[in-house]
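# Tertiary structure, described
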Amino acid sequence: MARSGFTWGVATASYQIEGATHRDGRVPSIWDTFSATPGKVLNGDTGEVACDHYHRWEGDVDLIASLGVDAYRLSIAWPRVMDERGRANRAGLDFYKRLLDRLEAKGVQRFVTLYHWDLPQHLQDRGGWLNRDTAYRFADYADLVSRELAGQATAWATLNEPWCSAHLGYGDGRHAPGLADHRFASQAMHHLLLGHGLALPVLESNDPRARRGIVANVGRGTTDRDTAADRDAAQLYEVQHNAWVLDALFKGAYPADLFRLWPGTEPLVLPGDMAIISRPIDFLGINYYFRTNVRSDGAHGFVEVPLEGVERTQMGWEVYPQGLQDLLVGFKAAYPALPPIYITENGMASDDKVVNGTVDDAQRIAFLNRHVAAVDAAMKAGVDVRGYFVWSLMDNYEWAYGYERRFGIVHVDYATQQRTPKQSAKALTAFLRSRAAV
Ligand code: IFM
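Presented here is an overview of the structure given in this document. (Residues numbered from 1 in each chain as written. Predicted model: local features only at pLDDT ≥ 70, side-chain atom pairs only at ≥ 80, totals over all residues. Heavy atoms only, no water.)

All right, on to the packing of aromatic side chains then. Per the counting criterion, the structure on display carries 36 aromatic pairs. Site record: aromatic cluster; members linked through ring pairs are Y15, W31, F34, W117, Y397, W399, Y403 and Y414. One Lys or Arg, R80, reaches over the ring of Y54 and ends 4.2 Å from the middle of that ring. A cation over a ring is seen here: R291 above Y320, with NZ or CZ 3.8 Å from the ring centre. (Phe/Tyr/Trp six-rings, centres within 6.5 Å; stacked < 30°, edge-to-face > 60°. Lys NZ or Arg CZ within 6 Å of the ring centre and 35° of its normal.)

Time to look at the site of the ligand. In the vicinity of the ligand, the contacting residues are Q16, H116, W117, N160, E161, Y289, W317, E345, W391, E398, W399 and F407. Note that an oxygen atom of the ligand is positioned 2.8 Å from one of the side-chain N or O atoms of H116. W391 places a side-chain nitrogen or oxygen 3.2 Å from an oxygen atom of the ligand. Taking 280 Å² as the accessible area of the ligand by itself, protein coverage stands at 94%. Spatially, the ligand is embedded in the largest pocket. Tallied by class, residues from the shell around the ligand come to six nonpolar, three polar and three charged. (Near = heavy atom within 4 Å. Polar contact = N/O pair within 3.5 Å; in protein donor to acceptor, adjacent residues only side chain to side chain. Areas by Shrake-Rupley, 256 points an atom, 1.4 Å probe, with all protein chains shown as cover. 1 Å grid on protein atoms, 1.4 Å probe; cavity = no way out; pocket = protein on both sides within 12 Å on 5 of 7 lines; lining within 4 Å. Sits in = over half its atoms within 2 Å of the grid points. Nonpolar A, V, L, I, M, F, W, Y, C, P; charged D, E, K, R; others polar.)

Take the packing of helix α8 (residues 162-171) against helix α9 (residues 182-206) next. Where α8 meets α9, the axes come as close as 8 Å, and the angle between the chain directions of the two elements is 150 degrees. Classified by the angle their axes make, α8 and α9 are roughly antiparallel. For the element pair α8 and α9, the recorded crossing hand is right-handed. Along its contact with α8, which presents P162, W163, S165, A166, H167, Y170 and G171, the element α9 presents H182, F184, A185, A188, M189, L192 and L193. (Axes fitted to C-alpha atoms, helices over the stretch in contact; angles between N-to-C directions. Helix = DSSP H or I, 4+ residues; strand = E, 2+ residues; numbered from the N terminus. Parallel < 35°, antiparallel > 145°, perpendicular 65-115°, else oblique. Left-handed = near helix turned anticlockwise from the far one by under 90°. Contact = heavy atoms within 4.5 Å.)

Attention now goes to the environment of A374. Within the secondary structure layout, A374 lies in helix α14 (residues 362-380). Since its relative accessible area comes to 5%, A374 is described here as buried. Taking the C-alpha atoms as reference points, A374 and G219, separated by 155 residues in sequence, lie 15 Å from one another. Non-local contacts of A374, meaning those with residues more than four positions away in its chain, are made with P321 and Q325. (Buried < 20%, exposed > 50% of the residue type's maximum accessible area, 1.4 Å probe, protein only.)

Let us look at the pattern of salt bridges. Under the criterion given, the structure shown has 39 salt bridges. The shortest N-O distance in the salt bridge between D352 and R364 comes to 3.0 Å. Taken together, the residues span a long stretch of sequence, with D352 in the loop between β8 (341-345) and α14 and R364 in helix α14 at a distance of twelve residues. Residue class for D352 comes out buried when judged on its relative accessible area of 7%. (Salt bridge = Lys/Arg side-chain N within 4 Å of Asp/Glu carboxyl O.)

Moving on: the layout of surface pockets. Taken as a whole, the largest pocket encloses approximately 990 Å³ of empty space. Lining the largest pocket are 44 residues, with W163, L168, R174, F290 and W317 positioned closest to its centre. Taken together, the elements giving at least two residues each to the lining of the largest pocket come down to α8, β5 (211-222), α10 (228-251), β6 (283-296) and β7 (302-304). No other element matches the six residues that β6 contributes to the lining of the largest pocket. For the lining of the largest pocket, a count of residues per class yields 21 nonpolar, 14 polar and nine charged. (Points joined across faces, edges and corners; volume = space filled by probe spheres on them.)

Turning to the packing of helix α13 (residues 321-334) against α14, a few remarks are in order. α14 packs onto α13 with a crossing angle of 25 degrees between their chain directions and a minimal axis gap of 8 Å. Here α13 lies roughly parallel to α14, going by the angle between them. The crossing of α13 and α14 is right-handed. From α13, P321, L324, Q325, L328 and V329 reach across to α14, where they touch R370, H371, A374, V375, A377 and A378.

A general feature of soluble globular proteins is that nonpolar side chains tend to end up buried together. Ranked by size, the top nonpolar core spans 124 residues in total, and within it V10, W31 and L284 carry the most contacts. Here the element with the most residues in this core is α10; it accounts for twelve residues. Those residues within four positions of V10 in sequence are excluded, and the remaining contacts are I64, L67, V69, A71, Y72, R73, F389, V390, L393, I409 and L428. Ranked by size, the runner-up nonpolar core spans 15 residues in total, among them F111, A155, M315 and W391. (Core = buried A, V, L, I, M, F, W, Y, C linked by side-chain atoms within 4.5 Å.)

This next bit is on the pairing of strand β10 (residues 410-413). Direction of pairing for β10 relative to strand β11 (residues 418-421): antiparallel, over a ladder of four bridges. Within β11, the residue paired with V412 across the bridge is R419. Linking two consecutive strands that pair antiparallel, namely β10 and β11, is a turn of four residues; a positive phi of about 65 degrees is found at Q417 within it. (Pairing = 2+ DSSP bridges.)

Before going further, it helps to examine the environment of W163. Note that W163 resides in helix α8. Between the alpha carbons of W163 and H241 there is a distance of 7.1 Å; along the sequence they are 78 residues apart. Apart from residues no more than four positions distant in its own chain, W163 is found in contact with L168, M189, N217, Q240, H241, W244 and V245.

Rendered as structure tokens:
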């Protein structure tokens, strides 16, 4: 796929790569607290050192540029740039200024996410995303960052994967802050999306030339049983995973079916909130990884029933590129207000090892090729996709799975911090060079 104007990139997030959690005035985040709590993260891993990107950023920018990508997607750590009283932390802001400057100097576009899950712990101590005030604090943070970094970002994304923040963080407790109640999840989701909507005019007024959007994770739900109840279950899976966020953004309402699944969990919505949440955006980021097979639970919900004999990744996730194509085409049909799309994350984890200086990750090369082909097919079917970012630039802290799961196209030896481009990185570079030669 060598379309001109299409943006190819790699992606990371602050807590997953930066380390240096105690440096230069950074305040604690919910992930510092969660990962230090015994039993929450595999092997007790924390983001304290991660890929030490905070100290190695110059080399990492050179690495990104050497891949030949057009763009780099990164996130800003809220706890690094703002103190507990809402004042700027110069040292933290300067880190991002230098980072964005160097990327620009190397000709790499900057897709900057404001919130990729590292909420300051002091805000969680006041309820976190259950507290409506956090949405307003998020707008203050967006104001600070977009004033300070105005002109340095190609695009701003307000939130990364609000579904994960709300559902995994507040609904089932697998992520920070580790709360588990569906009512909490729907209220947290509402405040996350409210924060997104409140931040949009702030970003526009501080940095009018940058594009503004949000990043949503989406999942394909299908069923292997041909009954009305099972088909309904598959549809409900997609309501819960996709429409919860996308209906709010592009229809200004939460899907009624969501509350069929979890009766009595409707969030408190104040007059005017949904108009704020559904303010127009310049782009939608889509993160896609896998499909889930479901069946009816015999009542009003669905149960996941893993398919046998399908290809899976180190995460146990099914490799199913068709799901990405189906979802993109389906979103275009469902949402007339859909803006241009960037695939802001797609990739896979594998148990990669360096052997004689090489990391042979053939499964990842095939995975990426097949998913890019699925995007191409969706574009041919009329979906406006503008770019594709591989998750991830390098192996990093995979949240509750710690360092065991390796998503990078660059291998990281955590003992030495040695970066070794895998065969997939080399294949990506060769592809990008061939495109440049066309
Ligand atoms: O590592 C995460 C990322 O932070 C958000 N999207 C999914 C990735 C893989 O699980």
